[in-house]
Amino acid sequence: MKSVGARRDSGGPERIEVDGGSAVRTDFATRSVSRWCRVATVVVVALACNAGVANAEASDTAPLRRAAQADFSGLDGVEAFRRMHEKIAAEYAFTEWKGVDWPALRARILPLIEAATAARDAEAYRAALQAYVAGLDDGHVNLPRNETVAPVIDALTARASGATFGIGLVELDDARVIAASVAPSGPAARAGVRPGDEVVRWGDRPTAEAIGAVDLGRLAAAARVATDVHRRLEQARLITRAPVGAAVEIELSGEAGSAPRRVRLVAESDGPEALRDLAPRLDPGEAPITSRRVGRFGYIRLTILADLADLGRWPEAIWAAYRRALLRFRAAGVDGLVLDLRGNHGGWDLLAMRICGTLRRTPTFYEATVFYDADTGRFRRFTVDDRTGAVVEGLTVTPEKPTFAGPVVALVDPMTISSGEGLARCVRERPGGATLGFHGTRGSFGLAGGEIRLPGGNVVHYPDGRAVDRDGTVLIDSRRGVGGVAPTIRVPVTRETAMAKARGEDVELAAAFAFLDRASAEPSKARRMGGSRPPR
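Trainee: Any chance you could explain the sheet that holds strand β8 (residues 199-202) here in plain terms?
Mentor: Overall, antiparallel pairing links the 4 strands, which are arranged β9-β8-β11-β12 in an open sheet. Strands with a single pairing partner mark the edges of an open sheet, and in this sheet they are β9 (205-206) and β12 (261-266). Relative to β9, β8 runs antiparallel, the two sharing 2 bridges. Opposite R201, over in β9, you have P206 as the bridge partner.

Structure below.
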């Protein structure tokens, strides 16, 4: 049997919309098939990958059978929800880690499901499911978009977030909230709001309090969040959206010696394109990898670690393009490398590991995996090395050629998810490596194999496996609002950096080059004192 490898994705079908519901292709069973096939490759028999069966474990020979995907779409909406909840509560990989209170979640959502089902209201049913997945704080628990549910998602988005106040809010490190951007000729601009103005009140609350009151579970446009930091960013992003005609009074801090002023904003439509792009998503037309030389440094941007044309196929084109870029940079004698992982949607763990291998001189531990075993109803450690098909205690990154021994910095943000986070972690732990950004990664590193089909074309994806370290502690996934790969070099969120970013300046990339300037100066100093240049 040919292995299709291990792959993590941020979730969903047909035009890749991450989080808030979406992904690539309506047959996104392929997302989990790769994980099933990863397990199945240890068996030298003709097993169908979607059977989810493997034949050995590191500690014994008992089979591991991952839970089958479920189809409850033909059931009554309430019964389908009950069965979905029972299945997810049993198979979800992070119940203990995150402290999920399943009875409380069911009690909160079931009345919404019952009302929607009784009224035969597809939008209310979807909204209830949306609130359910939002209650799990996991970027891998999502409701992918497909042709059937697309009109419902669009209607919910338009109803709650279909208009803009023409202002972009940013919370600064000093706890102030500013209008980092103001749309020309938009409601805020016409009311006299200027970029950089401090917004001290939003409606009848202090702005920071109003931001915290935004319920992301009610908003179809919201990304799936796993950390408190990402939640605040999404709340600040979406508080500036409202139904068409909604009004809010805001208070702006006056300049020195002047009194604060209040202005009234009325939300207005900013067009179908803005509405379509409101939910975070990967543009299928964007190249998965780009590279260029910038002065003394190399720059590689990776948006995904998978082949969008065939998610089950090893992404050879990405790997080959990465190696060519690294060879060019080595030949040019660059002094440092930037790996831009901002917005990386994940993909193949093996690709993350091989890229990591080009940056390492010695082997390093990557992860072990723990899966739900459908035969025993329990979780157990079960890790397969895609390179050999062998069951192992843990996955190890091994050095790869071409190697790069100079300083490396990985750019990260809360949209860096899944295998992208694994690569970021590798760079962070590498000697001479660093992660850099305003904020850390998503904090969603689980193995997403669970899928349940529900009435109305709704589909729920969830992780039935988790990554752990040698001791069995969960890696990267969030807990109590904290998780992900933090930046070793954090770019401060100040009035100046926030406004520069809003103007389109790449503040983080500039900071990365500054870091490489400093880091590459150390070997030069050593050579002047009789040292030698690190081998490339």
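Trainee: What is the right way to look at unusual backbone geometry in this model?
Mentor: Working note: non-glycine residues mostly have negative phi, and peptide bonds are mostly trans. In this chain, K401 is followed by P402 through a cis amide linkage whose omega measures 0°. Its place among the elements puts P402 in the loop between β21 (395-397) and β22 (408-411). For D137, which is not a glycine, the phi torsion comes out positive at approximately 50°. Considering the arrangement of structural elements, one finds D137 in the loop between α5 (122-134) and α6 (150-161). Judged by relative accessible area, which is 24%, D137 ranks as partly exposed. Although it is not a glycine, S185 adopts a positive phi angle of roughly 65°. Along the polypeptide, S185 turns up in the loop between β7 (177-182) and α7 (187-190).

Trainee: How do you make sense of the state of the cysteines when you look at a structure like this?
Mentor: Among covalent bonds in proteins, the disulfide is the one between the sulfur atoms of two cysteines. Taken as a whole and judged by the stated rule, the model has 1 disulfide. The disulfide partner of C356 is C426, and the gap between their sulfur atoms is 1.6 Å. Where C356 bonds to C426 through sulfur, the torsion about that S-S bond is close to 70°, and the disulfide is right-handed. With C356 in helix α12 (residues 349-357) and C426 in helix α13 (residues 419-429), this residue pair connects regions lying 70 residues apart in the sequence. Residue C426 is classed as buried on the basis of its relative accessible area, which comes to 7%.

Trainee: Honestly, the pattern of salt bridges in this entry has me stumped. Any pointers?
Mentor: Between side chains of opposite charge, pairing is possible as soon as their charged atoms come close. Following the criterion strictly, the structure yields 35 salt bridges and no others. A salt bridge links R82 to E114, with the shortest nitrogen-to-oxygen separation between them at 3.7 Å. On the criterion of sequence distance, the pair formed by R82 in helix α2 (residues 77-91) and E114 in helix α4 (residues 102-119) is long-range, its members being 32 residues apart. Between E429 and R425 there is a salt bridge; the shortest N-O distance is 3.4 Å. Highlighted residues: E429 and R425, both in helix α13, separated by 4 residues, approximately one helical turn. Among the charged side chains, a network of salt bridges with common partners joins E286, R301, D340, R342, K501, D506 and E508.

Trainee: Help me understand the environment of E249, please; the structure alone is not making it clear to me.
Mentor: Its location among the elements puts E249 in strand β11 (residues 247-252). Of note is the side chain of E249, whose polar atom sits 3.1 Å from the side chain of R262.

Trainee: Just to check I follow, could you spell out the nonpolar core for this structure?
Mentor: Side chains of nonpolar character tend, in soluble globular proteins, to be buried together. Membership of the largest hydrophobic core comes to 41 residues, with the highest contact counts inside it found for I300, L302, Y322, L337, L339, I355 and L359. Only β14 (297-302), α11 (316-332), β15 (336-340), α12, β21, β22 and α13 provide two or more residues apiece to this core. Here this core gets 7 residues from one element, more than from any other, and that element is α11.

Trainee: What should I look at first to understand the sheet that holds β22 in this one?
Mentor: Across a sheet, paired strands are connected by hydrogen bonds in the backbone, their directions being either parallel or antiparallel. Spatially, the 6 strands line up as an open sheet ordered β13-β14-β15-β22-β23-β27, and their pairing is mixed. What marks the edges here is a single partner per strand, and that holds for β13 (289-294) and β27 (489-490). Here β22 pairs with strand β23 (residues 433-437) via 4 bridges, running parallel. For L411, the partnering residue across the bridge sits in β23 and is L436. Packed onto the sheet, α11 meets β13, β14 and β15 and runs at close to 5° relative to β13. On top of the sheet, α13 reaches β14, β15, β22 and β23; it is set at about 125° to β23, its chief contact.

Trainee: How do you make sense of the layout of surface pockets when you look at a structure like this?
Mentor: A water-sized probe rolled over the atoms picks out the places where empty space is left. Counted as a void, the largest pocket has a volume near 1,600 Å³. Along the walls of the largest pocket sit 47 residues, with V170, L233, E234, R237 and K501 positioned nearest its centre. Those elements giving two or more residues to the lining of the largest pocket turn out to be β6 (167-171), β7, α9 (228-238) and α14 (495-502). Taken together, the residues of the lining of the largest pocket sort by class into 21 nonpolar, 10 polar and 16 charged.

Trainee: Just to check I follow, could you spell out the confidence of the model for the protein chain for this structure?
Mentor: When pLDDT drops low, the exact placement of atoms in the prediction is not to be read closely. With 84% of its residues at a pLDDT of 70 or more, the protein chain has an overall mean of 86. Scored below 50 in pLDDT, residues 1-5 makes 16 contacts in the model with residues more than four places away or belonging to other chains. Low pLDDT, under 50, characterises residues 525-536; the predicted model gives this stretch 17 contacts beyond four residues in sequence or across chains.

Trainee: Honestly, the environment of L275 in this entry has me stumped. Any pointers?
Mentor: The topology assignment puts L275 in helix α10 (residues 272-276). Residues L275 and S161, 114 residues apart in the sequence, show an inter-C-alpha distance of 8.0 Å. Ignoring anything within four residues of it in the chain, the contact list for L275 reads T157, A158, S161, G162 and R241.

Trainee: Would you mind going over α12 with me for this structure?
Mentor: Taking burial as the measure, the 9 residues of α12 include 8 buried ones, the bulk of the element. Taken together, the buried positions of α12 are D349, L350, L351, A352, M353, I355, C356 and G357.

Calculation notes
Residues numbered from 1 in each chain as written. Predicted model: local features only at pLDDT ≥ 70, side-chain atom pairs only at ≥ 80, totals over all residues. Heavy atoms only, no water. Pairing = 2+ DSSP bridges. Helix = DSSP H or I, 4+ residues; strand = E, 2+ residues; numbered from the N terminus. Buried < 20%, exposed > 50% of the residue type's maximum accessible area, 1.4 Å probe, protein only. Disulfide = S-S within 2.5 Å. Salt bridge = Lys/Arg side-chain N within 4 Å of Asp/Glu carboxyl O. Polar contact = N/O pair within 3.5 Å; in protein donor to acceptor, adjacent residues only side chain to side chain. Core = buried A, V, L, I, M, F, W, Y, C linked by side-chain atoms within 4.5 Å. Contact = heavy atoms within 4.5 Å. Axes fitted to C-alpha atoms, helices over the stretch in contact; angles between N-to-C directions. 1 Å grid on protein atoms, 1.4 Å probe; cavity = no way out; pocket = protein on both sides within 12 Å on 5 of 7 lines; lining within 4 Å. Points joined across faces, edges and corners; volume = space filled by probe spheres on them. Nonpolar A, V, L, I, M, F, W, Y, C, P; charged D, E, K, R; others polar. pLDDT = per-residue confidence, 0-100.

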